[in-house]
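Survey of secondary and tertiary structure
Chain by chain, the residues run as shown.
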Amino acid sequence: MGLFNQPAHELQKLLQSKEISCRELTEAVLTRVDDVEPRVQSYITRLDHEARQQAEEIDRRIAQGEPVTPFMGIPVALKDNLCTEGVETTCASGILRGFRPPYDATVVTRLKEAGAVFVGKTNLDEFAMGSSTENSGFFTTRNPWDLSRVPGGSSGGSTAAVGAGEAIAALGSDTGGSIRQPASFCGVVGMKPTYGRVSRYGLVAFASSLDQIGPITQDVTDCALLLRILAGNDPMDSTSLDHPVPDYGEFLRPEVGGLRIGVPTEYFGEGVQEEISHAVRTALGVLEGMGATVEECSTPHAEHALPVYYIIAPAEASSNLARYDGVQYGHRTAEDTDIVGLYQKTRKEGFGHEVKHRIMLGTYALSSGYYDAYYLKASKVRTLIKQDFDKAFEKYDVLVTPTSPTVAFSIGEKSDDPLQMKLSDVLTIPANMAGLPGISLPTGFHEGLPIGLQIIGRPLDEGTVLQVAYAYEQATEWHRRKADLRL
Amino acid sequence: MLLTREQVDHVGMLARLELDEEEREKSMRELNQILEHFEKLAELDTTGVPPTSHAIPRTNVLRDDTPKPSLDRGKVLANAPESADGCFRVPRVVET
């Protein structure tokens, strides 16, 4: 197994004992990117030169006797909707091509302070709107387990990079499942923290009441260590919470004795592949065998989460994306026109189809005379979805479900069927509606493709979610299987 | 059909989005598909249910009004498609 396939916490030991240098580790990852990137296509922008410079700096610090802390010297990938000072940030959209942010996102600053090495900026569905990276304005990323399939989305570039060994870990963003669904498709661990747990400053806004940045890693331990770096209050994001951040490492105990697990039956309904339901029930058996109480429960409004999402997210997006008008940054039409024409033509030329569609939908839902029927109604149903969770968490410590109804689908299979595509997120959206933390981790394979297990927790209780995930991971071997890209 | 051609054009204008013939048709079809899907929610009684705008409410986050350096003007304008005299440049807005 190459260095590129090892989790950060193992590499940390090798760096500390000086068995490897950060330079060697970085070169191993960059070589891996050279080898597989033509097939996988995870990256929009590669940062080889900067990564080598960062690696040298880290090696200098280690040589001077500085202790190696988590993620110091670890090659990490960033979803290309996270602002990086002076480094092109495109959101996979023609309208932002060439945009070099004048500042770093808070998570980027935090990772820099932790000493992480940035390998590059990863592909996504344009402005994170999609479930497969097929809506990227540039190209479609491939699933490392089967190159004819999608990696999921929208953080598909980040999950494919980690799944293919093109980065040790990555950051993604999750508005309706955009970390967890692609993590499940690519056989890696992905977590959406509680809304407000991680600062969104410098994350290009899609739907501000739902967006949350989170870690994508090879195992649960790395997820906990990375979340610890990302989490915490930030004065630059007024929605970031000021609750103390626990040491998530302390939750990495392989024990679930006494924990109560709820299994909402709505997540095993029509459209969920039988093999996936079976794999999740098998996982529940493992957790039960370790001493957890497992019980079926009901969150009846979960089935409404999809239509609610497809009003709320586009409504917020239509407002957030009004800023792309060809004035301050990004694309501007070359046509000679007046100011309104400049806006209209710039946006026509710069945005892809799905983004235009959602802007139209959101604009309509917020327009005079329709607000009550759509946005307000959706916001009320959102309350019902949230109340279901509140009730379930009176009785259970976590809820366990499949992450996505299917394993990775073929490229092109759903791109002409918007409703089918959206159903891919039907099991992840409810947690966003209620702002809850959720993780996806590997729990088996169907037709050689990874299956994801989703664990949802109480607000701010990422710790218990990580504990259950870690206990399950330690009891199984799924996370050790790596995509074979030699073929 | 919930949304007419004229409404699609109106929404396009509100969104400052120029749509060609094909996009108009596609947009109307797709919007109606989603809106029909949403219609199911009408069956759900939400009388007296308060709306949720943010999952974890935080209101009135205050800070001291202390002047701090803002982004460097040169760096900000470097991204502008067109700038002049330290400003963003746009086509004439006001008639003289």
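Keep in mind that what you see is a predicted model, and the values were worked out from it rather than measured.

1. Side note on the environment of isoleucine 451 of chain A
Residue and element names in this part refer to chain A. Looking at the secondary structure, you find isoleucine 451 in strand S11 (residues 449–457). Judged by its relative accessible area of 2%, isoleucine 451 falls in the buried class. Between the C-alpha atoms of isoleucine 451 and serine 154, which are 297 residues apart in sequence, the distance is 17 Å. Each residue touching isoleucine 451, except ones within four places of it in the same chain, is listed here: Ser184, Glu275, Ile276, Ala279, Val407, Leu441, Pro442, Thr443, Gly444, Phe445 and His446.

2. A short note on the interface of chain B and chain A
Of the residues lining the interface, 50 residues belong to chain B; the matching set on chain A comes to 70 residues. Carbon and sulfur atoms supply 66% of the area buried between chain B and chain A, which totals about 5400 Å² over both sides. The largest share of the area that chain B buries against chain A comes from Glu18, Phe38 and Asn79 of chain B, three residues that together contribute 12% of it. Linking chain B with chain A are six salt bridges. Close ionic contact of aspartate 20 of chain B with lysine 348 of chain A constitutes a salt bridge, the shortest N to O distance being 3.5 Å. The interface formed by chain B and chain A contains 21 residue pairs in polar contact (both at pLDDT 80 or more). Of all elements in the fold, only helix H1 (5–14), helix H2 (21–39) and helix H3 (73–77) of chain B reach the threshold of two or more residues within the side of chain B that touches chain A. With eleven residues, H2 of chain B is the single largest residue contributor to the side of chain B that touches chain A. Grouping the amino acids of the side of chain B that touches chain A by side-chain chemistry returns 29 nonpolar, ten polar and eleven charged.

3. Observations regarding the sheet that holds strand S5 (residues 189–192) of chain A
Picture the strands of a sheet paired through backbone hydrogen bonds; they go either parallel or antiparallel. All names here are of chain A. Strand order in this open sheet of eleven strands is S1-S3-S2-S4-S6-S5-S10-S11-S9-S7-S8, and the pairing throughout is mixed. The open sheet has two free edges, formed respectively by strand S1 (43–46) and strand S8 (293–297), since each of these has just one partner strand. With direction set aside, neighbouring strand axes in the sheet form an average angle of 30 degrees. Alignment of strand S7 (residues 260–264) against strand S9 (residues 398–402), held across two bridges, turns out to be parallel. Along S9, the bridge assignment pairs isoleucine 261 with valine 398. Here helix H3 (residues 48–63) sits on the sheet in contact with S1 and strand S3 (117–122), set at roughly 160 degrees to S3.

4. Looking at the packing of helix H2 (residues 22–40) of chain A against H3 of chain A
Residue and element names in this part refer to chain A. Viewed as axis vectors pointing N to C, H2 and H3 meet at an angle of 160 degrees, and their least axial separation amounts to 8 Å. In terms of orientation, H2 lies roughly antiparallel with respect to H3. The handedness of the crossing between H2 and H3 comes out as right-handed. Note on element contacts: H3 touches H2 through Asp48, Ala51, Arg52, Ala55, Glu56, Ile58 and Asp59, opposite Cys22, Arg23, Thr26, Glu27 and Leu30. Classifying every residue of the contact of H2 with H3 gives five nonpolar, one polar and six charged.

5. A closer look at helix H5 (residues 156–163) of chain A
Residues and elements named next belong to chain A. Burial of H5 is extensive: eight of the eight residues sit out of reach of the surface. Listed in full, the buried residues belonging to H5 are Gly156, Gly157, Ser158, Thr159, Ala160, Ala161, Val162 and Gly163. Positive phi shows up at glycine 165, right after H5, with a value of about 75 degrees.

6. Topic: the packing of aromatic side chains
Residues and elements named next belong to chain A. Overall, the coordinates contain 15 aromatic pairs over all chains when judged by the stated rule. An angle of 15 degrees between the planes, with centres 6.3 Å apart, marks the rings of phenylalanine 389 and phenylalanine 393 as stacked. In this pair, phenylalanine 389 and phenylalanine 393 are both assigned in helix H12 (residues 372–395), four residues apart and thus about one turn of the helix distant. When sorted by exposure, phenylalanine 389 lands in the same class as phenylalanine 393, which is buried. Through a chain of ring-to-ring contacts, the aromatic side chains of Phe99, Phe127, Tyr324, Tyr329 and Phe351 assemble into a single cluster.

Scoring rules and cut-offs
- Residues numbered from 1 in each chain as written.
- Chains lettered and ligands numbered in written order.
- Predicted model: local features only at pLDDT ≥ 70, side-chain atom pairs only at ≥ 80, totals over all residues.
- Heavy atoms only, no water.
- Helix = DSSP H or I, 4+ residues; strand = E, 2+ residues; numbered from the N terminus.
- Buried < 20%, exposed > 50% of the residue type's maximum accessible area, 1.4 Å probe, protein only.
- Contact = heavy atoms within 4.5 Å.
- Buried area = accessible area lost by both parts, 1.4 Å probe.
- Salt bridge = Lys/Arg side-chain N within 4 Å of Asp/Glu carboxyl O.
- Polar contact = N/O pair within 3.5 Å; in protein donor to acceptor, adjacent residues only side chain to side chain.
- Nonpolar A, V, L, I, M, F, W, Y, C, P; charged D, E, K, R; others polar.
- Pairing = 2+ DSSP bridges.
- Axes fitted to C-alpha atoms, helices over the stretch in contact; angles between N-to-C directions.
- Parallel < 35°, antiparallel > 145°, perpendicular 65-115°, else oblique.
- Left-handed = near helix turned anticlockwise from the far one by under 90°.
- Phe/Tyr/Trp six-rings, centres within 6.5 Å; stacked < 30°, edge-to-face > 60°.

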